[in-house]
Amino acid sequence: MATAEPYVLFELAGTAYAVPSAAVQRMEMVEQVTPVPNAPAFVDGVVFSRGQVVPAMSLRGRFGFPRRGYDAATRLIVVAHGARTVGLIVDSAREFVTIPADAVHPPPEGMAGTSGKYLGGVATVGGRVVLILNVAEVLGHTNAH
């Protein structure tokens with residue numbers, strides 16, 4: 001019997017992504033992001049969230065998509081893996097889904113390059129292709145590039 005895992009769905013550059021709910025601490029609107037000198041280009045700065053200073057990473061920047069300004073739909077998804085806690089800035093997020101484990105497939109061979117390593121799998125949810133984030137990889141290389 002296949003197990004299922006809950007995910008938070010979000011949009012980035014017109015594509016649906018999912019992050020395992022177990023890695024998500026909270027989700028909030030993006031308000032004040034304080035720039036940090038000499039931060040990697042994909043780190044917009046830091047935010048003060050629930051008593052904690054959290055690095056705010058633009059997933060658009062991280063994945064090489066064109067940047068855009070924040071709007072009312074922009075969300076900060078605070079995720080944790082090991083000792084690292086990072087806020088992921090995404091275009092929008094508002095949906096929670098449960099995806100059966102047998103519906104998650106490995107990323108295609110052609111996506112095994114730099115950006116493909118950030119994907120933990122690919123699934124189809126409600127007729128949409130959803131790319132599942134590999135949180136460990138996204139958080140583990142914040143000093144690269």
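To be clear, the structure that these remarks concern was listed above.
Position numbers for residues count from 1 along each chain, tracking the sequence in the order it is written. In keeping with the model being predicted, local features are shown solely for residues with a pLDDT of at least 70 and side-chain atom pairs are shown and tallied solely at 80 or more, while totals for entire chains, interfaces and linings include all residues. Side-chain measures were taken over the full set of non-hydrogen atoms in the model, leaving aside hydrogen atoms and water.

Asker: Break down the nonpolar core for me, citing the residues and quoting the values.
Answerer: Ranked by internal contacts, the top residues of the largest apolar core, which has 26 residues, are Phe-10, Val-19, Leu-59, Ile-77, Leu-88 and Leu-133. Going along the chain from the N terminus, every DSSP run of H or I of four or more residues is numbered as a helix, and every run of E of two or more is numbered as a strand. Sorting the residues of this core by element identifies β1 (4-12), β2 (15-20), α1 (59-63), β6 (75-81), β7 (84-90), β9 (119-125), β10 (128-133) and α2 (135-140) as the ones contributing at least two each. We call two residues in contact when some of their heavy atoms are within 4.5 Å. Not counting the four nearest positions on each side in its chain, Leu-133 is found in contact with Phe-10, Tyr-17, Ala-18, Val-19, Pro-20, Leu-59, Phe-63, Leu-88, Tyr-118, Gly-120 and Val-138. The definition of a nonpolar core used throughout is a set of buried Ala, Val, Leu, Ile, Met, Phe, Trp, Tyr and Cys residues joined through side-chain atoms within 4.5 Å. Accessibility here uses a 1.4 Å probe with only protein chains present; expressed as a share of the type maximum, an area under 20% marks a residue as buried, one over 50% as exposed, and anything in between as partly exposed. In this structure, Ala-16, Ala-18, Ile-99 and Ala-123 belong to the second largest nonpolar core, which totals 10 residues.

Asker: Can you lay out unusual backbone geometry for me, pointing to particular residues and giving the numbers?
Answerer: The backbone of Asn-38 shows a phi angle near 60 degrees, a positive value even though the residue is not glycine. Positioned with a positive phi, Arg-50 is a non-glycine residue whose angle comes to about 50 degrees. Examined against the element boundaries, Arg-50 turns out to sit in the loop between β4 (43-49) and β5 (52-58).

Asker: How would you sum up the sheet that holds β7? Please name residues and give values.
Answerer: Overall, mixed pairing links the 5 strands, which are arranged β3-β6-β7-β5-β4 in an open sheet. Of all strands in the sheet, those with a lone pairing partner are β3 (24-29) and β4, marking the two edges. The mean angle between the axes of side-by-side strands here comes to 30 degrees, regardless of whether they run parallel or antiparallel. Where β5 lies against β7, 3 bridges are found, and the strand directions are parallel. Paired with Ser-58 across the strands is Ile-89, a residue of β7. Strands pair, by our definition, only if DSSP identifies at least two bridges between them. Every axis in this analysis is a line fitted to C-alpha atoms, fitted for helices over the stretch in contact. Angles between the N-to-C directions lie between 0 and 180 degrees.

Asker: Account for the pattern of salt bridges, with residues named and values stated.
Answerer: We count a salt bridge whenever a side-chain nitrogen from Lys or Arg sits within 4 Å of a carboxyl oxygen from Asp or Glu. Counting across every chain of the model gives 7 salt bridges. A salt bridge links Arg-128 to Glu-11; the nearest nitrogen and oxygen atoms lie 4.0 Å apart. A residue pair is termed long-range when its members are at least 10 positions apart, and Arg-128 in strand β10 and Glu-11 in strand β1 qualify at 117 residues. The exposure class assigned to Arg-128 is partly exposed, which follows from its relative accessible area of 31%. Among the residues examined, Glu-11 registers a relative accessible area of 28% and is labelled partly exposed. Here Glu-95 makes a salt bridge to Arg-128, at a shortest N to O gap of 3.1 Å. Note that Glu-95 is positioned in strand β8 (residues 92-100) and Arg-128 in strand β10, a separation of 33 residues in sequence. We classify Glu-95 as partly exposed; its relative accessible area is 31%. Residues participating in the shared-partner salt-bridge network are Arg-60, Arg-68, Asp-71 and Asp-91.

Asker: Any details on the packing of aromatic side chains? Residues and values, ideally.
Answerer: The description of two aromatic rings rests on the distance between their centres and on the angle between their planes. Two aromatic rings from Phe, Tyr or Trp, using only the six-membered ring of Trp, form a pair when their centres are within 6.5 Å; if the ring planes differ by under 30 degrees the pair is stacked, by over 60 it is edge-to-face, and anything between is tilted. Enumeration according to the criterion identifies 4 aromatic pairs in this entry. On the numbers, 5.4 Å between centres and 10 degrees between planes, the contact of Phe-10 with Tyr-17 is stacked. When its relative accessible area of 4% is taken as the criterion, Tyr-17 is described as buried. Where Phe-63 meets Phe-65, the ring centres are 6.4 Å apart and the plane angle is 80 degrees; that geometry is what we call edge-to-face.

Asker: An account of the environment of Gly-64 is requested, with residue identities and associated values reported.
Answerer: Of note, Gly-64 is situated in the loop between α1 and β6. Considered as a pair, Gly-64 and Tyr-17 are 47 residues apart in the sequence and their alpha carbons are 15 Å apart.

Asker: Describe the sheet that holds β2, and please don't skip the residues or the numbers.
Answerer: Neighbouring strands of a sheet are bound in pairs by backbone hydrogen bonds; such pairs are parallel or else antiparallel. Here we have 5 strands laid out as an open sheet, ordered β8-β1-β2-β10-β9, and mixed in their pairing. Each edge of the open sheet carries a strand with a single partner, namely β8 and β9. Across the sheet, the axes of successive neighbouring strands diverge by a mean angle of 35 degrees, strand direction being ignored.

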